[in-house]
Amino acid sequence: MKTRLLAAATLLACAHVGAWAKPIAFARGTTVMAEYGAGTMNEIQAFYAPRYWWSLGASWLELNSEDGSTQRRIELARANLLAKRWNLPGAQANAFVWGGLGRATGNDFAGSTLARNVGFQADYETRRVYGAFRSDLEESRHYSHRIDTLQLGWAPYAHDYDTVATWFVVQGRRYTGDLVRGTETALLLRFFKGGVWVEAGATRDGKPQAMAMFNF
């Protein structure tokens, strides 16, 4: 009995306190996320989930090439779907997909253009370790950029929903479309408790990176 209760508590903690940002927190919940990505990517997202498996909302994305020659401003309406969830003994895994439409402006074309976005995310987590991969494709008739992000995290102690969680995170990110050459790597320190999450760190080149997420 104690073993089953411990497993249930662990799954509850994993379900409600994800180590990776998710576009769907829980049914009838709102998620707001903001990210500053080393001066290359700034993003704000807000989603509402009528059910635990889908959400609707909007996003604003700013992309800047490392040499300053390319700039994008992308505004989208987006839908997210929890394609699959695996509740495992002491762990949880998820697969999300999404798509959006909106408008974009840039410094290398006139006016605005129809913008499209598709993406997916896969993650696996316990209360001590996790791994996650996310891929976003931003397209229009003027540009095509794909942003791939891999994160690996480790927590020095197991956490519960009502306690402060601490994670050490290694992140690797690649941009296509002549934004950043090679892989942008960063070391991050993450804290969250309940529905509030903040993280901060720096890339290998010393550029700051930060993110905040609120679930309510």
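Since the structure is predicted, the reported quantities are computational estimates derived from the model, not experimental observations.

Visitor: Please set out the pattern of salt bridges residue by residue, giving values where relevant.
Guide: Pairing between side chains becomes possible if they bear opposite charge and their charged atoms approach one another. All chains considered together, the criterion is met by ten salt bridges. Residue Glu-75 is joined to Arg-103 by a salt bridge in which the shortest nitrogen-to-oxygen separation is 3.4 Å. Placement of the pair is Glu-75 in strand β4 (residues 71–88) and Arg-103 in strand β5 (residues 91–106), with a sequence separation of 28 residues. Residue classification places Glu-75 among the partly exposed residues on the basis of a relative accessible area of 36%. Arg-146 is the partner of Asp-148 in a salt bridge, and the nearest nitrogen-oxygen pair spans 3.0 Å. On the basis of relative accessibility, which here comes to 15%, the residue Asp-148 falls in the buried class. With a relative accessible area of 36%, Arg-146 lands in the partly exposed category. Via salt bridges that share partners, Lys-22, Asp-123 and Glu-125 belong to a single interconnected network.

Visitor: Please give an account of the nonpolar core that cites residues and values.
Guide: Core analysis: the largest hydrophobic core is formed by 15 residues, its most contacted members being Ala-21, Met-33 and Trp-167. Where this core is concerned, the elements lending two or more residues are β7 (129–139), β9 (165–175), β10 (183–193) and β12 (208–215). Each residue touching Ala-21, except ones within four places of it in the same chain, is listed here: Met-33, Gln-121, Trp-197, Met-211 and Met-213.

Visitor: Run through the pairing of strand β11 (residues 196–203), naming residues and quoting values.
Guide: Here eight bridges tie β10 to β11, and the two strands are oriented antiparallel to one another. Note on β11: the bridge partner recorded for Phe-191 is Val-198. The antiparallel hairpin formed by β10 and β11 contains two residues in its connecting segment, where Gly-194 sits at a positive phi of about 60°. Looking at chain direction, β11 and β12 are connected through seven bridges and run antiparallel. Residue Ala-202 lies in a different strand from β12, and its bridge partner there is Pro-208.

Visitor: I'd like a rundown of the side chain of Gln-121, residues and numbers included.
Guide: Looking at the secondary structure, you find Gln-121 in strand β6 (residues 109–125). Using a relative accessible area of 2% as the deciding quantity, one classes Gln-121 as buried. A polar atom in the side chain of Gln-121 sits 3.1 Å from the backbone oxygen of Ala-21. Polar side-chain contacts of Gln-121 include one of 3.3 Å to the side chain of Asp-123.

Visitor: Can you explain the environment of Thr-105? Please cite residues and give values.
Guide: Locating Thr-105 in the fold gives a position in strand β5. Spatially, the C-alpha atoms of Thr-105 and Glu-66 are 18 Å apart, while their sequence positions differ by 39 residues. Not counting the four nearest positions on each side in its chain, Thr-105 is found in contact with Gln-71, Arg-72, Arg-73, Gly-111 and Ser-112.

Thresholds, definitions, all that
Residues numbered from 1 in each chain as written. Predicted model: local features only at pLDDT ≥ 70, side-chain atom pairs only at ≥ 80, totals over all residues. Heavy atoms only, no water. Salt bridge = Lys/Arg side-chain N within 4 Å of Asp/Glu carboxyl O. Helix = DSSP H or I, 4+ residues; strand = E, 2+ residues; numbered from the N terminus. Buried < 20%, exposed > 50% of the residue type's maximum accessible area, 1.4 Å probe, protein only. Core = buried A, V, L, I, M, F, W, Y, C linked by side-chain atoms within 4.5 Å. Contact = heavy atoms within 4.5 Å. Pairing = 2+ DSSP bridges. Polar contact = N/O pair within 3.5 Å; in protein donor to acceptor, adjacent residues only side chain to side chain.

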